[in-house]
Amino acid sequence: MSVIEKKLKDRSGSKCELCGNEHDLGVYNLPPNVLDTLESSILTCKTCSNQIENPETTEANHWRCLSESMWNENLPVQIVAWRMLTRLRAEGWPQDLLDMLYLDEEALEWAAATGEGDDDEGKIIHKDSNGNVLKDGDSVVLIKDLDVKGASFTAKRGAAVHNIKLVWDNAQQIEGRVENQHIVILTQYVKKTK
């Protein structure tokens, strides 16, 4: 168990800081933060973290728990509550909770940093060379040999890159592993696989 996880368990009483579940707990680091710190992480159950990271699996009724957890004194919990309520606001009841949730200007900027709550016009959308929308966790294939800067190899055309991560602030970049190297790849050089 990491030091951060231990501190988060102490802080939360070994419960998911969002829904109160006591099983399958882990550290969830809030994007766009790169480093796991106590100030940028929360303790979540697998159900909550999966739904946060995969919007298509979101079950609105699971998030009714936010009516309590949004009042948590820890800012990262409030940030995730804002993001999920914003995602679900079309359901009706989340909008009522959002109207009650107060975040100062700096916290609101952090909460909105992932694009949650942006209109579709302003949202960053990653597309492959054929115009297919890419999501975190997708698999892609390189359509061109790519020289990897800072490494001594060429990523070969046809190489599969599994479990990609989107670069949240740049629609032309994704991250993935090629030949056990973590690299940034331009979306124009990949094709999404089914």
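Quantities reported herein were computed from a predicted structural model and do not represent experimental measurements.

Draft legend 1. Representation of the overall build of the chain in the model. Helix and strand counts for the chain stand at six helices and ten strands. Projected onto its principal axes, the C-alpha coordinates of the chain cover approximately 50 × 40 × 30 Å. By the burial criterion, 39% of the 194 residues in the chain qualify as buried. Counting every atom, the chain has about 11,400 Å² of accessible surface; 45% of that belongs to carbon and sulfur.

Draft legend 2. Representation of the nonpolar core. Grouped together as the largest cluster of nonpolar side chains are 33 residues, with contacts concentrated most on Leu 18, Trp 63, Leu 66 and Val 80. Mapped by element, the contributors of at least two residues to this core are helix H1 (3-12), strand E1 (25-29), strand E2 (41-45), helix H2 (46-53), helix H4 (75-88), helix H5 (93-100) and helix H6 (105-111). Sorting elements by how many residues they give to this core places H4 first, with eight residues. Excluding anything up to four places from it in sequence, Val 80 contacts Leu 18, Tyr 28, Leu 30, Ile 42 and Ile 52. By size, the runner-up hydrophobic cluster in this structure holds 14 residues, among which are Val 148, Phe 153, Val 161 and Ile 164.

Draft legend 3. Quick peek at the sheet that holds strand E9 (residues 181-186). Strand order in the open sheet made by the three strands is E7-E8-E9, with antiparallel pairing throughout. One side of each edge strand has no neighbouring strand; the edge strands of this open sheet are strand E7 (165-166) and E9.

Reading the values: the criteria
Residues numbered from 1 in each chain as written. Predicted model: local features only at pLDDT ≥ 70, side-chain atom pairs only at ≥ 80, totals over all residues. Heavy atoms only, no water. Helix = DSSP H or I, 4+ residues; strand = E, 2+ residues; numbered from the N terminus. Buried < 20%, exposed > 50% of the residue type's maximum accessible area, 1.4 Å probe, protein only. Areas by Shrake-Rupley, 256 points an atom, 1.4 Å probe, with all protein chains shown as cover. Core = buried A, V, L, I, M, F, W, Y, C linked by side-chain atoms within 4.5 Å. Contact = heavy atoms within 4.5 Å. Pairing = 2+ DSSP bridges.

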